Every structure is written in C-alpha cells, then in structure tokens.
Amino acid sequence: MPRILYAIQGTGNGHLSRALDIVPLLRERASQVDLLVSGPPADVQLPFKVRYRCHGMGFIFGKKGGINFVKTFWQLNSAAFLREMRMLPVEDYDVVISDFEPVSAWACRLREVPCVALSHQSAVLSAAAPRPKDDDIVGRAVLRHYAPTTQQFGFHFERYEPHISTPVIRQQVRQITPQNDGHYTVYLPSFDEETLVKRLRYLSRDVRWEVFSKHSQQEAEYGKVRVRPVSGAAFTDSLARSAGVLCGAGFETPAEALYLGKKLLVVPMRNQYEQSCNAAALAGMGVPVVKNLKDKSLAAIDEWLQQGTVVPVDYPDETGTVLDRLLAEIGTQKIIVHPN
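Note that the structure is a prediction, hence the values are computed from the model and not measured.

Caption draft 1: Region of interest: the overall build of the protein chain. For the protein chain, the helix and strand inventory stands at 13 helices and 13 strands. For a compact globule of 340 residues, the expected C-alpha radius of gyration is about 20 Å, and the protein chain comes in at 20 Å, within 12% of that figure. In terms of its C-alpha atoms, the protein chain occupies a principal-axis envelope of roughly 60 × 40 × 40 Å. Expressed as a percentage of its 340 residues, the buried residues of the protein chain come to 56%. By sequence separation, contacts in the protein chain at least 24 residues apart represent 66% of the contacts at least 6 residues apart. Counting every atom, the protein chain has about 15500 Å² of accessible surface; 52% of that belongs to carbon and sulfur. Positive and negative side-chain charges of the protein chain, numbering 39 and 36 respectively, have mean locations separated by a distance of 4 Å.

Right under this line is the structure:
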C-alpha cells in the first residue's frame, strides 16, 4: 500500500470540507497518509492530525465583492515560501496529491516528482469545461501556474470529460433530509455586513434572510435580516432548512445547495477567474447569475425570489471510485498529462 502526502489549500472552506470525506477514504487505501495544509486559517477545522502546516500562498477577500490584492500580496512571504518548498520531503512519498496546494506542487516540480491534482481547479482548467464570454488571460495563467501538477483529476458541476467527476458532497450533507422553513441563506464572503444588510433590506422587507458573514464576530438582527458569524454546523443547518441560497460562484456551497434541491442564485467574485468559470457553468445549467448587488442586479434577484425554480442534479457518491482510479493509474505508471 502506498505512502501518500495529501496537500490541501487551507484558504477556502471548500478544500478542507472535501478533505473531511477524502482523508478517511485515502487511509483505507494507503499504509500512510500525511496531511499538509497551507494558507491563512479557514473556518473549517480538520479532525485529523496535520503533519505539515505551511504559510503557502493564499487569497484574502475584500469587502466590496472581490479579492483584496493589497492585503493578499502583503501576506505573501517569498522567502518563507521558498524555504517551505525546499524543506518539504516530497520524495519520501509514493504519491503526492494536491488539492490546489502550491507548496507541495512546486516542491514536486523542483525535485521532478509526480504530483497529482485532485481539485475543482484542475477541472476548471480542462479544455472541455465552460469558460466566461470575456476570457481572463491573466486569471487563467494564475490558476494554471499556482499549483502545477503532472496529472489531473477534477470535480465540477457536470462531467465535462473522463477525468472530471461530479462534486464531493460531504456525508454530513448526504444524510440531511431537506426542509423549507421559508428563509434564504446568504454566503457572500467578499461583501461586508453593512452592504449585505442594506441591499437585502432594500430588496425586500418581507423575505427572511440568514446571512453568514466572515466580517462579523457576533449575531445581529436588522428587521428580517439575521447576520451570523460563519460556523460550519450553523451554516449547514441553515442551508438544509432554506427556501433558496444566494452565494458566491464558488464550488462547494453551490454544489451542496443543488444537491439539497434548493433554488440557487450566484454572484461571482470580481477579479476571480475560477468563479467566472463556475458562473458560466452554472448559467449553462439554468442557474441565474448576477454580477453584483447594485440596483440593476436587484431586479434579477427579486425575479428569482418570485419565480426562481430548482435546477435538478444527479451527484452520486463516487469519491472512493475516483480515488481507486487515481491510485490505479499511478500504480501502473499510466500517467496521462493534461496540460494546465
């Protein structure tokens, strides 16, 4: 059985949430599984021992709908990244798997060790995956070179090609019996509390909103807008009981909303190429997309509230099958390189 290094991008909750299901399955298939997590702390905590914690390279959200590039670049420490890359003993493992994690990917590139991508980002970069009408050459280049790999297995909203599978839906979510308590769950981490409350109250004073904000430390209520700090358990509960979900065009939250049969509307983050691609994919499935929370977009959100419908999906539990295929190809040296 192989020794595996599983490296996870810790900046976004989605990578860590996916690891909750993947790590136990890897342990069933390996003699040793060591974890690496890099980037600023996220809201999801892993219940597993993490052998390597790295500074890595992460993105910091702003408060106006996009990435705060100033803070992002300030928190990048090139000297620390190079040191982490050179010290990571990737050659001690039979398989290095990277969920969009740059330290492990670049350490493998430095030592000419194969590195397998198991991520949503590798699916986004597939030539078969949807692209926005206005392609972002710089954004695509950043996504391609952020965590370079030699082989790619990806997850996306649909199976666009053989090495792309449908999303990993957490067992916690699969075990839920969805309900509809009438409220709408909101997760837009790049907008601050004040902006969200103002726009949602302007939109409707009758609809109940449950807003989960990365910028709030305590719960507050503004009419029918309830603002709550981000909490995995509370968010999952709100999602399960919601009438619909208003969120960014990330991957895990929209996928879980679709799986639970919730009507969905997404607002892609500005200057974030991956979310632009996700929005294009979701739009192709029939999910409404708005660019921002300005007055023009509020009309579309109001229409969604009144007339929006659920987009049906089929997301079977096939994570174990994906891992078996990945390890089989590595074990038989059938390395198929899909250039990023």
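Caption draft 2: Structural view of the pattern of salt bridges. With the rule as written, the count across this model stands at 18 salt bridges. The salt bridge involving aspartate 295 is made with arginine 199; its shortest N-O contact spans 2.4 Å. Of this pair, aspartate 295 sits in helix α12 (residues 295-307) while arginine 199 sits in helix α8 (residues 193-203), and the two are 96 residues apart along the sequence. With a relative accessible area of 48%, aspartate 295 lands in the partly exposed category. Linked by salt bridges that have partners in common, Asp181, Glu210, Glu219, Arg226, Arg228, Asp237 and Arg241 make up one network.

Caption draft 3: Quick look at the sheet that holds strand β9 (residues 209-213). Strand order in the open sheet formed by 6 strands is β10-β11-β9-β8-β12-β13, and the pairing between neighbours is mixed. Strands at the two margins of the open sheet, each flanked by one partner only, are β10 (220-222) and β13 (263-266). Averaged over all pairs of adjacent strands, the angle between strand axes in this sheet comes to 20°, irrespective of strand direction.

Rules of the game
- Residues numbered from 1 in each chain as written.
- Predicted model: local features only at pLDDT ≥ 70, side-chain atom pairs only at ≥ 80, totals over all residues.
- Heavy atoms only, no water.
- Helix = DSSP H or I, 4+ residues; strand = E, 2+ residues; numbered from the N terminus.
- Rg over C-alpha atoms; globule rule 2.2 N^0.38 Å.
- Buried < 20%, exposed > 50% of the residue type's maximum accessible area, 1.4 Å probe, protein only.
- Contact = heavy atoms within 4.5 Å.
- Areas by Shrake-Rupley, 256 points an atom, 1.4 Å probe, with all protein chains shown as cover.
- Lys, Arg positive; Asp, Glu negative; His and termini not counted.
- Charge placed at Lys NZ, Arg CZ, Asp CG, Glu CD.
- Salt bridge = Lys/Arg side-chain N within 4 Å of Asp/Glu carboxyl O.
- Pairing = 2+ DSSP bridges.
- Axes fitted to C-alpha atoms, helices over the stretch in contact; angles between N-to-C directions.

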